[in-house]
Amino acid sequence: MSTAIHSAKPELILKELGKVWTSLGEEESKKGSPTVLRACAMTLLVATDDDDTDSFAASQTLTDLMQTHPSRAIVLRSTRSAEDGLTARVLAQCWKPFGKAQQICCEQIEIEASPERWPNIGPTVLGLTVPDLPVVVWCRQKSALSPDGASGNRAGLTAILQLATKVIVDTRGLDLAGAFEVIDGWETPSLSVADLEWTRLTPWREAIAGAFEDQQLLAMRDGFTDVEITSGDANPPASAFYLAGWLQKGMPLKARFLEGGAFGGGLQKL
C-alpha cells in the first residue's frame, strides 16, 4: 500500500504514514486476522541519484533487509525529474513469517529532490528519523566518494551523515585513493564507515580460516613473518587491501603486495 505526497514536509509525511497504518489495521480487522505488527529497529537512509543505474537491485535488497533488520527506510534520490523540487510518497512493506497469521510491516518513505534542493535535504530528514533508534546511511552516490564530486551532492550527504551512527559505501570500481580520502574525512568517534567490498571477502576469509583448522598449519602460524598478496588487476580492488589488513591484524606478520603497493602506507590504518 502506498500514497503520494506532492509536498515533502515532515509533518505531512508522518500524517500519511499514520493513515497507512490505520488502513492496514482496518483491512486486517475486516478479514478477522490478527492486528498488524509494526516493526522498527532503526532508521535506514538510502542516498541515491540518477547515476545509480542499479536501483532495481537496491530496491530488492531493501525489501530483503526489512525482514531481517526491520526499519523505517527513507530512500533519498537526487534527480532532475523531481516535481516542485521536493516530492515524496510513503508505503508499507509487509510480510508474514512462515507458519504465522500475523503480518509484520515496516515503513518506507521515498523522497525525490532536485539537485538545487538536495543540499538542503537535512531538515526534512531530521523530522523523519525514528527517535532513540540508530540511524544508518547507505550511500549509493558514487560522486560523493570522489574529492572532485559535485559540491551540492557532498553538501546534501554531509547533512545526512550528521544524523547517522554508521554509513555503508561501495568502493568497487572507484578511484581508491580519492575514495579513501573522502571516507577518512567522514569517520568520527560517533560515525563508522563500512565498505561492501569487505563483505565480498567472506569466501576468502572462510577459506583461510578453514585452512588453519589443520593442526600442523596452526602450529606453524606463529612462525609466519610475511605474506604476499597479488592481484590480476592493474589497480587492485579495495577488497585486496582489506584482506591484507585483516591478515596483518590477525597474525604477527607483514602483509604486502607484489605490485600496486602505493596504498601500503595507509594499509595499517585500514
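Just above, that's the structure.
Here's what I pulled together on the structure shown here. Nothing here was measured: the structure is a model prediction, and the numbers come from that model. (Residues numbered from 1 in each chain as written. Predicted model: local features only at pLDDT ≥ 70, side-chain atom pairs only at ≥ 80, totals over all residues. Heavy atoms only, no water.)

**Brief notes about the environment of Gly127**
Secondary-structure assignment places Gly127 in the loop between α3 (122-126) and β7 (135-139). Classification of Gly127 by relative accessible area gives partly exposed; the value is 31%. Once the C-alpha coordinates of Gly127 and Glu11 are considered, the two residues, 116 residues apart in sequence, prove to be 7.7 Å apart. Filtering out sequence-adjacent residues up to four positions away, Gly127 remains in contact with Pro10 and Leu14. (Helix = DSSP H or I, 4+ residues; strand = E, 2+ residues; numbered from the N terminus. Buried < 20%, exposed > 50% of the residue type's maximum accessible area, 1.4 Å probe, protein only. Contact = heavy atoms within 4.5 Å.)

**Observations regarding the state of the cysteines**
In the structure shown here, the tally under the stated rule is one disulfide. One disulfide bridge connects Cys94 with Cys105, the sulfur atoms lying 2.0 Å from each other. Taking the sign of the S-S torsion, 110° for the link of Cys94 and Cys105, the bridge is right-handed. One end of the pair, Cys94, is in strand β5 (residues 86-95); the other, Cys105, is in strand β6 (residues 104-113), and eleven residues separate them in sequence. Overall, the relative accessible area of 0% leaves Cys105 in the buried class. No disulfide involves Cys40; its sulfur sits 6.9 Å from the nearest other cysteine sulfur, which is in Cys106. (Disulfide = S-S within 2.5 Å.)

**Here we look at the nonpolar core**
Ranked by internal contacts, the top residues of the largest apolar core, which has 50 residues, are Ile111, Ile121, Val167 and Trp186. Once residues within four sequence positions are removed from consideration, Ile121 is found in contact with Leu76, Leu86, Ile111, Ala113, Gly156 and Ile160. (Core = buried A, V, L, I, M, F, W, Y, C linked by side-chain atoms within 4.5 Å.)

**Quick notes on a negative patch on the surface**
Negative charge collects at one region of the surface, where Asp50, Asp51, Glu83, Asp84 and Glu112 lie side by side. Within the fold, Glu83 resides in the loop between β4 (72-78) and β5. In this structure Glu83 comes out as partly exposed when scored by relative accessible area, which is 49%. (Patch = residues over 30% accessible without salt bridge, like charges linked within 9 Å, V, L, I, M, F, W, Y side chains within 5 Å. Areas by Shrake-Rupley, 256 points an atom, 1.4 Å probe, with all protein chains shown as cover. Salt bridge = Lys/Arg side-chain N within 4 Å of Asp/Glu carboxyl O. Lys, Arg positive; Asp, Glu negative; His and termini not counted. Charge placed at Lys NZ, Arg CZ, Asp CG, Glu CD.)

**What to know about the environment of Gly25**
Take Gly25: it is sitting in helix α1 (residues 10-30). For the pair Gly25 and Leu37, spaced twelve residues apart in sequence, the C-alpha to C-alpha distance is 9.3 Å.

**Remarks on unusual backbone geometry**
Trans is the prevailing form of peptide bonds, just as negative phi is the prevailing case for residues other than glycine. Backbone geometry at Asp132 places phi at a positive 65°, although glycine is not the residue there. For Asp132, the location among the structural elements is in the loop between α3 and β7. The exposure class assigned to Asp132 is exposed, which follows from its relative accessible area of 80%.

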